[in-house]
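# Secondary and tertiary structure notes
The residues making up each chain are set out below.
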Amino acid sequence: MGLRIGSIAPDFTAKTTEGEINFHDWIGDSWAILFSHPKDFTPVCTTELGHMASLKPEFDRRDTKVIGLSVDPVENHATWSKDIEETQGTAPNYPMIGDTDLHVAKLYDMLPEDEGDSCEGRTAMDNATVRAVYLIGPDKRIKAMLIYPMTSGRDFNEILRLLDSLQLNARHTVATPVNWKNGEDIIIPPAVTDEQARAKFPEGFQTLKPYLRVAKQPSD
């Protein structure tokens, strides 16, 4: 199954470090981020899990739930968590899925269907493609996907920036330009007519080209 932006995020039931969850029920009316890891006790992922824990208040402020996944048992996650706290200063403070049967990895198209149904005997390289980030809206649709190799740590500040852009679009139907940061000027999408834009942006907007109109970021 190929997932695309706009696809319904596949639902599942799984064991996590905070008990069994049904994914869609767990998301509820919030936004959600699912980020995956090929195996416990891997070096790059250790740094990522600790950093995500330190940033969790930022995601909380954006009404966004965070959940991790690793292709190993939940019991291993608990031991790994101690290493993460010792080396990174913060232990995971969000649930971690134990995807021992590879069900979620396959459901989210991170592993092919013929990869078996057990994490036993598998190395991190066997699971190298389980290195994805899915940003999911309250409507349970995938809003963005990011995929990383095992050798490159993820930039969680970029994930926050992307989340800000997605949430701003959801509230105001605007687009964001290259290197945009929260509070900077936005782009008015071509689907919004000039008449509609004048109503939405009473302070005015700048037309650089008929298809490129810039305005101040709307306030909430």
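Residues numbered from 1 in each chain as written. Predicted model: local features only at pLDDT ≥ 70, side-chain atom pairs only at ≥ 80, totals over all residues. Heavy atoms only, no water.

### Considerations on the environment of E75
- Relative to the assigned elements, E75 resides in helix α3 (residues 74-88).
- A sequence separation of 14 residues divides E75 from G89, and the C-alpha atoms of the two residues are 21 Å apart. (Helix = DSSP H or I, 4+ residues; strand = E, 2+ residues; numbered from the N terminus.)

### A word on the pairing of strand β9 (residues 206-209)
- Both β9 and strand β10 (residues 212-215) contribute to a ladder of 3 bridges, which runs antiparallel. When the sheet's bridge partners are listed, T207 is paired in β10 with R213.
- The hairpin turn running from β9 into β10, its antiparallel successor, is 2 residues long. (Pairing = 2+ DSSP bridges.)

### Describing the nonpolar core
- The biggest cluster of nonpolar side chains holds 26 residues, and the ones touching the most others in it are F23, L34, Y108, Y134 and I136.
- Those elements that place two or more of their residues in this core are α1 (23-27), β3 (31-37), β4 (64-70), α4 (103-107) and β6 (132-136).
- Residues in contact with F23, not counting those within four places in the same chain, are P10, D11, F12, L34, I67, Y108 and I136.
- Core analysis: the next-biggest nonpolar cluster, separate from the first, contains 24 residues, F35, M52, W80 and L160 among them. (Core = buried A, V, L, I, M, F, W, Y, C linked by side-chain atoms within 4.5 Å. Buried < 20%, exposed > 50% of the residue type's maximum accessible area, 1.4 Å probe, protein only. Contact = heavy atoms within 4.5 Å.)

### Looking at the UniProt feature "active site" (unreviewed entry) in the protein
- Under the feature "active site" (unreviewed entry), the UniProt entry names C45.
- Within the secondary structure layout, C45 lies in helix α2 (residues 43-61).
- The exposure class of C45 is buried, given its relative accessible area of 3%.
- Once residues lying within four places of it in the same chain are set aside, the contact partners of C45 are H37, P38, W80 and R131. (UniProt positions renumbered as here; feature names shortened; annotations may be inferred.)

### Digging into the sheet that holds β9
- Spatially, the 3 strands line up as an open sheet ordered β8-β10-β9, and their pairing is antiparallel. Bordering the open sheet on either side are β8 (186-188) and β9, each of which pairs with just one other strand. Sheet twist, expressed as the mean angle between neighbouring strand axes with direction ignored, is 35°. (Axes fitted to C-alpha atoms, helices over the stretch in contact; angles between N-to-C directions.)

### Side note on unusual backbone geometry
- Even without being glycine, D63 reaches a positive phi, approximately 50°.
- Tracing the chain through its elements places D63 in the loop between α2 and β4.
- By relative accessible area, D63 is classed as partly exposed at 43%.
- Even without a glycine there, the phi angle at K140 is positive, about 70°.
- Inspection of the secondary structure puts K140 in the loop between β6 and β7 (142-147).
- Assessed through its relative accessible area of 15%, K140 is described here as buried.

### Structural notes on the pairing of β7
- Of the strand pairs in this sheet, β6 and β7 are connected by 5 bridges, and their pairing is antiparallel. Paired with I136 across the two strands is I142, which belongs to β7.

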